[in-house]
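Observations on chain architecture
Residue-level listing of the chains:
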Amino acid sequence: MTKNTPFQDFIRYSFFSIMGMISISCYILADTFFVAQGLGTNGLAALNLAIPTYDFIHGTGLMLGMGGATRFSILKSQNNQKGADTIFTNTVYLGIFFSIIFMLGGLFFSGSLARLLGANQNTFEMTNTYLRVMMLFSPAFIFNDIILCFVRNDGNPRLSMIATVCGSLFNVVFDYIFIFPCNMGMLGAVLATGFSPVVGLTIMSPHWLGKKRGFHFRKLVPDADSIRTNISLGFPSLLSQISAAIVMIVFNMLILGLEGNTGVAAYGVIANISLVVLSFYTGIAQGIQPLVSHSYGRKKTDGIRQFLRYAMISMVILSAVMYLILFVFADPIASAFNSEHNAKLQEIAITGLKLYFTSLVFAGFNIILSMYFTSVEKALPAQIISLLRGLILIIPIAFLFANLWDMTGVWMSFPATELVTAVVGAVLYFIYKNRLYSK
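As annotated in an unreviewed UniProt entry, the protein chain is Multidrug export protein MepA from Drancourtella massiliensis. Note on the protein chain: under the UniProt heading Sequence similarities (unreviewed entry), the record states "Belongs to the multi antimicrobial extrusion (MATE) (TC 2.A.66.1) family. MepA subfamily." The heading Subcellular location (unreviewed entry) in the UniProt record of the protein chain holds the text "Cell membrane".

This part covers the overall build of the protein chain. Tallying secondary structure elements over the protein chain gives 13 helices and zero strands in all. Traced from its N-terminal end to its C-terminal end, the protein chain shows the element sequence α-α-α-α-α-α-α-α-α-α-α-α-α. At 21 Å, the protein chain has a C-alpha radius of gyration in line with the 22 Å of a compact globule built from 439 residues. Seen along its three principal axes, the alpha-carbon backbone of the protein chain occupies a region of about 60 × 45 × 35 Å.

For the coordinates displayed, the defined rule picks out 31 aromatic pairs. Look at Tyr372 and Phe373: their rings are 5.4 Å apart centre to centre, the planes differ by 55°, and that puts the pair in the tilted class. Pair check on accessibility: Tyr372 and Phe373 agree, each one buried. Cluster of aromatic residues (ring-pair linked, three or more members): Phe251, Tyr267, Tyr356, Phe357, Trp411 and Phe414.

Now for the pattern of salt bridges. Scanning all chains against the criterion turns up seven salt bridges. A salt bridge links Lys76 to Asp154, with the nearest nitrogen and oxygen atoms 2.8 Å apart. In this pair, Lys76 sits in helix α1 (residues 6-77) while Asp154 sits in the loop between α4 (138-153) and α5 (157-179), placing the two residues 78 residues apart along the sequence. For Glu259, the salt bridge goes to Lys344, with nearest N and O atoms at 3.9 Å.

Definitions and cut-offs
Residues numbered from 1 in each chain as written. Predicted model: local features only at pLDDT ≥ 70, side-chain atom pairs only at ≥ 80, totals over all residues. Heavy atoms only, no water. UniProt positions renumbered as here; feature names shortened; annotations may be inferred. Helix = DSSP H or I, 4+ residues; strand = E, 2+ residues; numbered from the N terminus. Rg over C-alpha atoms; globule rule 2.2 N^0.38 Å. Phe/Tyr/Trp six-rings, centres within 6.5 Å; stacked < 30°, edge-to-face > 60°. Buried < 20%, exposed > 50% of the residue type's maximum accessible area, 1.4 Å probe, protein only. Salt bridge = Lys/Arg side-chain N within 4 Å of Asp/Glu carboxyl O.

Pasting the structure below:
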C-alpha cells in the first residue's frame, strides 16, 4: 500500500490501530475507575450491568465499518471507484438505520432493559441512567466506528489513531470533571463517554469531508447486494463485541447468585481490564485487515501469509508479557478499583485476574484469525469462530463450570471457550488456505 517494506507497513498500521483500540476501550475503563472512586461498589456494579449495551452499539458500528471498509479496500486496490462509493453510501444508510433503532430503545425501553440485565433496588437508577444516555448517543458511536474504518483503509491510519486517542483523553478529563467537581454521578460518567466519539469525528473531518478522500457519498437507492456484503463481512466483528457482552451478561447472572453485588463489582474490574487487554489483539487484527485485503485484491498470496505471520508472532509475544504483568500486579490492579477497600471484592478480583486471563493467547489467535478470514472475503469461517466464542460455547460451559466449581469455574469457563474455539479455528485455516481464490 506504500513504498515501505511489508514489515514496516505491518508495524505502521498495527501500531496506529492498537493505539486507537486501546483508546476506545479506555472510554469504559475511565468510567469504571472514576465511578468506583465516586460511587463505590453499587456504582461499579450498576456500570458493569449496563456495559453490555456499549458492546452491542460498538459492535454494530464495527460490523458496518469493518464490513464496508474491507470491501472498499478490495475495490480500491482494483481501481473501482464507483463500487467503492457505492459500498460507502450503503454503509451510511445502514448506520442511520441502526442508530434509530438504538435511540428508540433508549427512549422507551431503558428501564425494562436495566431490570432484564439484573439491576436491583440498589443499582436500578444508575443502571437506567447509563443505558438511556448511552443509547441516545448511539449515532455518534456508530458513525465514529464507520468513519474510523474507512479513513484507516483509505491510507490514513495515523489520523484514525489521533482521533481515538483525543476522544479517549476527552473522556478521561470530563469523567473526572463531571463526577467530582460537578457532582453529576453516573450521568456525568455517561455524558463524558457519549461526547468522546463526537470529538473523534470532528478530528477526522478534514479527511472524510476533504477532496482527496477515496470514498464519497452518492445519491443512490440502497443496494441489497452491497448491504448483504457489508453485513456478511462485518458480522464477525459484531459477534466479537457481542461475545464480550454475552460473557458479561452470563457472568453477571452467575456471579450475582454466587457472590451478590460485591462479586459483580469484582467482575467489573476484570471485565474492564479485559476490554483494554483484548484491544491489543483487535488492534493487530484491524491493522492487518487493509494490508491483507489489498494483497488479496491484487492476488498476492505471499503478502497475505506474511502479514498473518507477523500478526500471530506479535500476538504470542504480547500475550506472554501481558499475562506476566496481570499475574504479578493483580493485587495493586484490583486495589485501584476498590475505593471502599472491600476485602471480599479484593479477594475475588485477584483470583479472577489470575485465572480469567490464562485465555490470552487463545483469544488473540481467534480474534486475528477471524479478521484474516474477513479480509479475504471468507465470511463463513470468520462467522463460525465468532459464533463459537460468543454464543455456542461460552454459555453452556459457563453454567457447567459454575455448577461444578463455583467462582473458579466461572473464571475458567472463558479460557476453556477460547481454547476449544482456537482448535476449531486452526482446522478451518488449514481447510480454507488452499481455497483462497476459489469461487
